[in-house]
Amino acid sequence: SLSDRLGAIFEGLRGRGALEEKDVNEALREVRIALLEADVALPVAKEFIGKVKERAIGAEVLRSVTPGQQVVKIVHDALVEMLGGSDKTDLDFATTPPAVIMMVGLQGSGKTTSTAKIALRLQKREKKKVLMASLDTRRPAAQEQLAILGEQAEVKTLPIIAGQNPRDIAKRALEAGRLGGFDVVMLDTAGRLSIDEQLMAEIADIHAASDPIETLLVVDALTGQDAVSTAEKFKARVPVSGVVMTRIDGDARGGAALSMRAVTGAPIKFVGVGEKIDALDTFEPERMAGRILGMGDIVSLVEKASLEIDEAKAKKAAKKMAKGEFDMDDLADQFRQMRKMGGMGAILGMMPGMGKMKKMVDQAGGLDDKEILHQEAIISSMTKAERKKPALLNASRKKRIAKGSGTSVQQVNKLIKAHRQMSDMMKKLGKGGMKGMAKQLAG
Ligand code: GDP
Ligand code: MG
């Protein structure tokens, strides 16, 4: 999987002296594959890699991190930047009311749903008075769909008059907006399954008639290589001022976000995170970058790890693990490090492929963060011999340990079980170390 490969780059470059072109190229080949797998459009991926390469080669090598870590960080930072790290994502209302927001996009991209979501948000959070109008005269019941959503959200919708064309509906909406003292008029337009001239002409016509201050392009996060041509065609006809990315709650890898931002040059203003009317979030470039690279928050892990982990100790532990000699002292060490780095959930959640590991650990012993301290107390109530050889732990010893650590025999058993399962797993994974472990867990 992608995470494995990034892990491999990471390992491969570890311990070398400087950021050499050869290393950078090797790493970037993998990053390119990663981007394509995340559905970033090819020309966008190429452009991105070019930028990163320029930045990476000749970058001063930091002393405290390995070249591999540094490349990953550069890639991540460039990705955040290209996703619009410092974009202003607020909607613009600096106009004579009503401010018109026009929604455009392919059929099924989520325009109607997003229209209602944004309207609800503006009304609730910004206390704007919002009127919605559907200009979709093609799809049967499209106007009714928006009316129903309006009822749910308690947002006013323009009364439906049969037989009107989109341009006339837009004009009527603006008029109603002015007369009714609305702050915002949202225009939901028709889409097509693919772009054709008729649709584009209609969009341009509506735009000209309503002069929106925001024209939001709605795209499905699952859009892959088509993202570029879709965005280009819309952009050629209307000035796209922002992007709404829907269905980010599915298993899209988020590549479309990068493509959209690159092609339109417009900020991603919102992401749709579900079918419900309040399932709308503002866009977070950092999170999207992590998602695209499929590495959780590996960057912050790197940052934390380089601060907190005693490298020598970690290496020693890895060696012991590989040999299957993973005793209670090692487990206690792991706990201490986990605590320093923000707890079990934080660590496992941050590491590629570790989601599964977290689940396994949870199933094995339910080692949640709060329990880590208890677990450490239990281990410190063991004798040296018991820590080296947990098999010694019979019923009376367990009772003594439970008493000494202020826990129960049940909790002691849980720890022993977790330790056994972890050391079994370590043994199985053998010499692969973390890399092998990630591979195994990623399946
Ligand atoms: P339109 O043709 O562009 O107006 O698309 P619709 O707004 O009618 O949405 C099409 C389908 O996608 C509907 O079933 C919506 O419920 C669904 N949908 C829209 N946005 C999201 C989202 O962010 N997440 C999920 N899971 N479904 C969404
Ligand atoms: Mg619609």
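Procedures and definitions
Residues numbered from 1 in each chain as written. Chains lettered and ligands numbered in written order. Predicted model: local features only at pLDDT ≥ 70, side-chain atom pairs only at ≥ 80, totals over all residues. Heavy atoms only, no water. Buried < 20%, exposed > 50% of the residue type's maximum accessible area, 1.4 Å probe, protein only. Helix = DSSP H or I, 4+ residues; strand = E, 2+ residues; numbered from the N terminus. Pairing = 2+ DSSP bridges. Core = buried A, V, L, I, M, F, W, Y, C linked by side-chain atoms within 4.5 Å. Domains from an automatic or database assignment. Contact = heavy atoms within 4.5 Å. Lys, Arg positive; Asp, Glu negative; His and termini not counted. Salt bridge = Lys/Arg side-chain N within 4 Å of Asp/Glu carboxyl O. Polar contact = N/O pair within 3.5 Å; in protein donor to acceptor, adjacent residues only side chain to side chain. Axes fitted to C-alpha atoms, helices over the stretch in contact; angles between N-to-C directions. Parallel < 35°, antiparallel > 145°, perpendicular 65-115°, else oblique. Left-handed = near helix turned anticlockwise from the far one by under 90°. Nonpolar A, V, L, I, M, F, W, Y, C, P; charged D, E, K, R; others polar. pLDDT = per-residue confidence, 0-100. Near = heavy atom within 4 Å. Areas by Shrake-Rupley, 256 points an atom, 1.4 Å probe, with all protein chains shown as cover. 1 Å grid on protein atoms, 1.4 Å probe; cavity = no way out; pocket = protein on both sides within 12 Å on 5 of 7 lines; lining within 4 Å. Sits in = over half its atoms within 2 Å of the grid points. Points joined across faces, edges and corners; volume = space filled by probe spheres on them.

Among the seven residues in strand β5 (residues 214-220), seven count as buried, and that is most of the element. On β5, burial covers both faces: Glu214, Leu216, Val218 and Asp220 on one face and Thr215, Leu217 and Val219 on the other are all buried. With four bridges joining them, strand β1 (residues 99-104) and β5 adopt parallel strand pairing. Counterpart to Ile101 in the pairing with β5 is Glu214. Direction of pairing for β5 relative to strand β6 (residues 242-246): parallel, over a ladder of five bridges. Bridge assignment links Val219 to a residue of β6, and that residue is Met245.

Counting residues in each nonpolar core, the largest one holds 66 residues, and the members touching the most others are Leu35, Phe48, Leu83, Leu187, Met245 and Ile292. The element best represented in this core is helix α4 (residues 67-82), accounting for seven residues. Inspection of this core shows a minimum of three residues originating in each of domain 1 (2-82) and domain 2 (99-282). Ignoring any residue separated from it by four or fewer positions in sequence, one finds Leu83 in contact with Ala257, Leu258, Arg261, Phe283, Pro285, Met288, Ala289 and Ile292.

Another point: the side chain of Lys117. For Lys117, the position within the fold is in helix α5 (residues 111-125). Despite its burial, Lys117 pairs with no opposite charge; the closest candidate is Asp249, at 6.6 Å N-O. A distance of 2.7 Å separates a polar side-chain atom of Lys117 from the backbone oxygen of Gly274. When sequence neighbours within four positions are dropped, the list of residues in contact with Lys117 reads Gly272, Val273, Gly274, Lys276, Ile277, Ala279 and Leu280.

Glancing now at the packing of helix α8 (residues 197-210) against helix α9 (residues 227-237). Where α8 meets α9, the closest approach of the two axes is 9 Å, and the angle between their N-to-C directions is 45 degrees. Classified by the interaxial angle, the pair formed by α8 and α9 is oblique. Of the two possible hands of crossing, α8 and α9 adopt the one that is right-handed. Contacts between α8 and α9 involve Glu197, Met200, Ala201 and Ala204 from the former and Lys233, Phe234 and Arg237 from the latter. Residue composition of the contact of α8 with α9, grouped by class: four nonpolar, no polar and three charged.

Moving on: the pairing of strand β2 (residues 130-134). Most of β2 is tucked away: five of the five residues are buried. Across the two faces of β2 the burial is the same, with Val130, Met132 and Ser134 and Leu131 and Ala133 all buried. Here β2 pairs with strand β4 (residues 184-188) via five bridges, running parallel. The residue of β4 that forms the bridge with Met132 is Met186.

Chain-level pLDDT for the protein chain is 81 on average; 75% of the residues reach the 70-or-more range. Segment residues 349-356 is flagged for pLDDT under 50; beyond a separation of four residues in sequence, or across chains, it makes 26 contacts in the model. This stretch, residues 431-443, has a pLDDT under 50; its non-local contacts, to residues over four places away or in other chains, come to 25 contacts.

The immediate surroundings of ligand 1 are formed by 18 residues, with Gly108, Lys111, Thr113, Arg247 and Asp249 found nearest. Thr113 is positioned with one of its side-chain polar atoms (N or O) 2.5 Å from an oxygen atom of ligand 1. Within the contact set of ligand 1, an oxygen atom lies 3.1 Å away from a side-chain nitrogen or oxygen of Glu275. Look at ligand 1: alone it shows 580 Å² of surface, and the protein chains cover 82% of it. A majority-of-atoms criterion places ligand 1 in the second largest pocket. Counting residues per element, the shell around ligand 1 draws most heavily on α5, which supplies four residues. Its residues placed into classes, the shell around ligand 1 shows two nonpolar, ten polar and six charged.

This brings us to the layout of surface pockets. Volume-wise, the second largest pocket comes out at about 430 Å³. Lining the second largest pocket are 28 residues, with Gly108, Gly110, Lys111, Thr113 and Arg247 sitting closest to its centre. Secondary structure elements with two or more residues in the lining of the second largest pocket: α5 and α6 (142-153). The greatest single-element share of the lining of the second largest pocket, amounting to five residues, is contributed by α5. Grouping the constituent residues of the lining of the second largest pocket by class yields four nonpolar, 14 polar and ten charged.

This paragraph deals with the sheet that holds β1. If you trace the eight strands from one edge of the open sheet to the other, you get β3-β2-β4-β1-β5-β6-β7-β8, paired in mixed fashion. Unpaired on one side and paired on the other, β3 (156-157) and β8 (280-282) mark the two borders of the sheet. Helix α10 (residues 255-264) contacts β5, β6 and β7 (268-272) of the sheet and is inclined by roughly 165 degrees relative to β6.

What follows concerns the pattern of salt bridges. Going through the model one piece at a time under the given rule, you end up with 15 salt bridges. Among the ionic pairs, Arg138 bridges to Glu202, the shortest N-O distance being 2.3 Å. One end of the pair, Arg138, is in the loop between β2 and α6; the other, Glu202, is in helix α8, and 64 residues separate them in sequence. By relative accessible area, Glu202 is classed as buried at 11%. Ionic pairing is found between Glu386 and Arg400, a salt bridge with its closest N-O pair at 2.8 Å.

What follows concerns the side chain of Ser109. Note that Ser109 resides in the loop between β1 and α5. Take Ser109: its relative accessible area is 5%, and that puts it in the buried class.

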